[in-house]
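Chain by chain, the residues:
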Amino acid sequence: MSQMLFLLRGGTSRGCNGQVVRGAPSWADQQVIDELAACELVVTASRLEGWRREGLLQRHRRRGLGRGRGSAVDAIDPMVVESAAALARHTRQGRDRRLAVLAWFAEAGAPRLPGAAVVPEPPEAAVRQALTWAAATSPSQYLMELARKAAGRGEEGPDAFYTVAEELVASRPYHLPPHPGRVRAALWADEDLPDDGPLPAAIVHLAAAIGLGPEEVGADALAEAFAAMGMFGLTAEDWTQILGAAELGEAPAVDWSPLGRVALPLEQARQASWEELIQARTVLTGLRPFYALYVMHGLFMPDTPALAALRARIDERGLGPLLTQMISTDTGPRQFADTLLTCLDPIWHDLHQALTDQLQADPDPFCLPGDNTRATGFMETWTRTLREQTQLARSRRRTRPPGR
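The residue numbering used here restarts from 1 in each chain and proceeds along that chain's sequence as written. Given that the model is predicted, a residue must reach a pLDDT of at least 70 before its local features are reported, and side-chain atom pairs must reach 80 or more before they are shown or counted; all residues, however, enter totals for whole chains, interfaces and linings. Excluding hydrogens and water, the side-chain figures rest on all heavy atoms present in the structure.

K.L.:
What should I look at first to understand the side chain of R95 in this one?
P.N.:
Secondary structure is summarised from DSSP: a helix means a run of H or I of at least four residues, a strand means a run of E of at least two, and numbering begins at the N terminus for each. You can see R95 is positioned in the loop between α4 (78–90) and α5 (97–108). Each residue's exposure class comes from its accessible area (1.4 Å probe, protein chains only) as a fraction of the maximum for that residue type: buried when under 20%, exposed when over 50%, partly exposed otherwise. For the charge count, each Lys or Arg is scored as positive and each Asp or Glu as negative, with His and the chain ends excluded. Salt bridges are identified by distance alone: a Lys or Arg side-chain nitrogen within 4 Å of an Asp or Glu carboxyl oxygen. One buried charge, R95, has no salt-bridge partner; the nearest side chain with opposite charge is D96, at 8.3 Å. Note on definitions: a residue-residue contact is assigned when non-hydrogen atoms from the two residues lie within 4.5 Å. In this view, R95 contacts H90 and P333; residues no more than four positions away in its chain are not counted.

As structure tokens, this is what we get:
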């Protein structure tokens with residue numbers, strides 16, 4: 001009789017042979033299903049139960065009905081509904097559930113529009129498991145492990161590392177976008193956009209310096225790598241002079257010890273506290289709009305003293321190229337995991353704080369000097385400039401001699 005009453009209420013029960021007997025969704029689950037359906041999100045009772053078993057969705061809070069009378073759900077916790085909604089948005093057929101957790105964690109830290117529902121945090125254990133998995137299977141983890149293993153294999157170790165590493169990075173070609181200032185100048189002059197070339201050699205040399213030691217790589221290769229990565233805005237010639245002077249004793253010796261202490265992505269994922277992960281996500285989320293302003297400068301966006309000051313905070317630290325690599329490649333859950341772990345480094349927290357402080361000091365970056373219309377005038381000026389430059393480019397193409 002008790003099993004019959006349970007099935008009438010909806011749910012599952014185990015028969016005498018231990019087999020699961022399924023019934024209709026419980027009243028509480030049906031409420032969740034209906035609320036999600038109103039948002040055009042389709043879930044089933046079995047999927048909700050599957051998420052609970054995996055520790056991704058909390059169970060409904062139940063109230064005891066008295067001795068021997070069981071328990072009941074009086075009301076649906078809104079956080080249960082929003083957690084199920086987040087899972088429904090990011091879970092897809094054939095997609096690893098850990099990618100859905102990473103996407104949910106990213107969404108929970110995104111800016112919320114007025115009136116939008118709060119996206120609750122995913123369970124910490126699920127986030128940590130997903131991050132650890134993403135870090136362990138990332139190309140950067142593999143490359144760093146390869147370099148450190150090669151260090152203990154004698155003379156043949158470096159050769160074996162370079163052979164495998166060069167094939168790995170060549171299969172993932174990536175071009176570093178040029179500095180927005182150079183893009184802007186090229187567009188004004190109607191010239192081809194500058195191309196800083198692919199980064200595979202630079203990535204291999206840096207991995208080798210970290211895993212094998214800078215002496216194995218050599219000053220010239222490191223100079224090329226640092227310049228290709230855009231570090232501090234210096235050219236390869238600048239780096240060659242700096243490193244060469246240090247080698248000759250004409251300048252203070254370079255302290256390479258921090259390279260040996262670089263943590264692999266898997267180490268970062270395992271060692272970071274929950275608070276540090278939240279802070280890294282805050283930094284990453286906060287840097288994105290500043291990066292957008294930084295990049296838009298190259299696309300004829302009107303310049304203002306406030307915008308110039310924000311760009312200066314990035315350029316004076318030499319972090320523009322690294323910021324570009326970090327933000328522009330963050331296009332999915334795996335990339336989000338990589339950039340999140342990168343933002344554990346204090347340099348990004350310091351940059352975010354510097355940009356935030358600058359914005360507070362001059363909180364109206366879209367106010368053109370002498371224009372009281374503020375953002376309205378800013379957008380009108382930008383739109384007019386884009387229209388004029390488009391027409392000018394078309395006119396130049398019509399009058400350009402053949403073959404040019």
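K.L.:
Would you take a moment to explain the packing of aromatic side chains for this structure?
P.N.:
Each aromatic ring pair is described using two quantities: the centre-to-centre distance and the angle formed by the ring planes. Each pair of aromatic rings taken from Phe, Tyr and Trp, with Trp reduced to its six-membered ring, is defined by centres within 6.5 Å and is described as stacked if the planes are under 30 degrees apart, edge-to-face if over 60, and tilted in the remaining cases. Scanning the model with the defined rule gives six aromatic pairs in all. Plain terms: the ring middles of F105 and W274 are 5.5 Å apart, the flat faces sit at 40 degrees to each other, and that makes the pair tilted. Within this pair, whereas F105 is found in helix α5, its partner W274 is found in helix α16 (residues 274–296), the two being separated by 169 residues in sequence. In this structure, F105 and W274 share a single accessibility class: buried. Centroid distance F105 to F336: 6.3 Å. Interplanar angle 65 degrees. Geometry classified as edge-to-face. Linking F105 in helix α5 with F336 in helix α19 (residues 333–342), this pair joins segments that are 231 residues apart in sequence. Taken as a pair, F105 and F336 share a single burial class, namely buried. Through a chain of ring-to-ring contacts, the aromatic side chains of F105, W274 and F336 assemble into a single cluster. Remark: a charge is flagged as sitting over a ring if the NZ atom of Lys or the CZ atom of Arg is within 6 Å of the ring centre and within 35 degrees of the ring normal. Positioned over the ring face of F105 is R281, at 4.4 Å from the centre of the ring.

K.L.:
Got a minute to help me understand the confidence of the model for the protein in this structure?
P.N.:
Segments scoring low in pLDDT should not have their predicted coordinates read at a detailed level. Residues of the protein with pLDDT of at least 70 account for 83%, and the chain-wide mean is 81. As a per-residue quantity, pLDDT reports the predictor's confidence and falls between 0 and 100. This model gives residues 1–21 a pLDDT under 50, and the stretch forms 25 contacts once residues within four places in sequence are excluded.

K.L.:
What am I meant to see in the packing of α16 against α19 here?
P.N.:
Two packed helices can be described by the angle between their axes and the distance between those axes. In this description, a line fitted to the C-alpha atoms serves as the axis of each element, helices being fitted only across the stretch in contact, and the angle between N-to-C directions of two axes falls anywhere from 0 to 180 degrees. Look at α16 against α19: their axes get within 8 Å of each other, and the N-to-C directions meet at 105 degrees. Taken together, the axes of α16 and α19 lie roughly perpendicular to each other. For the pair α16 and α19, the contacting residues are L277, A280, R281, L284 and R288 in the first and F336, T339 and L340 in the second. Here the nonpolar group is Ala, Val, Leu, Ile, Met, Phe, Trp, Tyr, Cys and Pro; Asp, Glu, Lys and Arg are the charged ones; every other residue, Gly included, is treated as polar. In the contact of α16 with α19, the residues fall into five nonpolar, one polar and two charged. These descriptions rest on fixed angle ranges, namely under 35 degrees for roughly parallel, over 145 for roughly antiparallel, 65 to 115 for roughly perpendicular, and the rest for oblique.

K.L.:
What is the right way to read the packing of α16 against helix α20 (residues 346–361) from this model?
P.N.:
Across the interface, α16 lies against α20 with an axial gap of 9 Å and an inter-helix angle of 50 degrees. When the axes of α16 and α20 are compared, the pair comes out oblique. Crossing handedness for the pair α16 and α20: left-handed. Judged by residue contacts, Q279, T282, V283, G286, L287 and F290 of α16 engage W348, H349, L351, H352, L355, T356 and L359 from α20. Looking at the contact of α16 with α20 residue by residue, the class counts come to seven nonpolar, six polar and no charged. Should the near helix be turned counterclockwise from the far one by less than a right angle, the crossing is left-handed, whereas a clockwise turn marks it as right-handed.

K.L.:
Before we go on, may I ask you to explain empty space enclosed by the protein in this structure?
P.N.:
A probe as big as a water molecule, rolled over the atoms, marks out the empty space that is left. Only protein atoms enter the 1 Å grid, on which a cavity is a set of points fitting a 1.4 Å probe that cannot get out and a pocket is an open set with protein on both sides within 12 Å along at least 5 of 7 lines, lining residues being those with an atom within 4 Å of a point. Grid points are joined across faces, edges and corners, and a volume is the space filled by probe spheres set on the points. Overall, the coordinates contain one cavity of 30 Å³ or more when judged by the stated rule. Taken as a whole, the largest cavity spans an internal volume of roughly 40 Å³. Together, F290, L293, Y294, L307, L310, R311, I314 and L355 line the largest cavity. Secondary-structure elements contributing two or more residues to the lining of the largest cavity are α16 and α17 (305–315). The element contributing the most residues to the lining of the largest cavity is α17, with four residues. Class assignment of the residues belonging to the lining of the largest cavity gives a composition of seven nonpolar, no polar and one charged.

K.L.:
For this particular structure, what's the right way to read the pattern of salt bridges?
P.N.:
Where charged atoms from two side chains of opposite charge approach closely, those side chains can pair. Applying the stated rule across the entire model yields 13 salt bridges. As a salt-bridge pair, R97 and E54 come within 3.1 Å of each other at their nearest N and O atoms. Linking R97 in helix α5 with E54 in the loop between α3 (45–53) and β3 (63–64), this pair joins segments that are 43 residues apart in sequence. Using a relative accessible area of 25% as the deciding quantity, one classes R97 as partly exposed. Linking D303 and R311 is a salt bridge whose minimum nitrogen-to-oxygen distance equals 2.9 Å. What makes D303 partly exposed here is its relative accessible area of 33%.

K.L.:
In this structure, what is going on with the nonpolar core? I would like to understand it.
P.N.:
If you look at soluble globular proteins, the nonpolar side chains tend to sit buried side by side. The term nonpolar core refers to a set of buried residues drawn from Ala, Val, Leu, Ile, Met, Phe, Trp, Tyr and Cys, joined through side-chain atoms within 4.5 Å. Counting residues in each nonpolar core, the largest one holds 64 residues, and the members touching the most others are W51 and W348. The element that contributes the greatest number of residues to this core is α16, accounting for 10 residues. If we ignore the near neighbours within four places in the chain, the residues touching W51 are V43, L56, L57, A84, L87, A88, T91 and R97. Counting 28 residues, the second-largest nonpolar core is a separate cluster that includes L143, V169, V204 and A225.

K.L.:
What exactly am I supposed to notice about unusual backbone geometry here?
P.N.:
Outside of glycine, negative phi angles account for most residues, and trans bonds account for most peptide bonds. With a phi angle near 65 degrees, E40 is a residue other than glycine that sits in the positive phi range. We note that F300 has phi near 65 degrees; this positive angle belongs to a residue other than glycine. Tracing the sequence through the fold places F300 in the loop between α16 and α17. Residue F300 is classed as buried on the basis of its relative accessible area, which comes to 8%.

K.L.:
What is the right way to read α20 from this model?
P.N.:
Note: α-helices contain 3.6 residues per turn, so residues at a spacing of three or four share the same orientation. Multiplying one less than the number of residues by 1.5 Å gives the expected span of a helix. The first and last C-alpha atoms of α20 sit 22 Å apart over 16 residues, in line with the 22 Å expected at 1.5 Å per residue. Contacts from the buried residues of α20 go to α16, α17, α18 (320–328) and α19. Two to three positions downstream of the cap, the backbone nitrogen of I347 sits 3.0 Å from a side-chain oxygen, assigning the N-cap of α20 to D345. In protein, a polar contact requires one atom able to donate a hydrogen and another able to accept it; more generally it is a pair of N or O atoms within 3.5 Å, and residues adjacent in sequence count only if both atoms are side-chain atoms.

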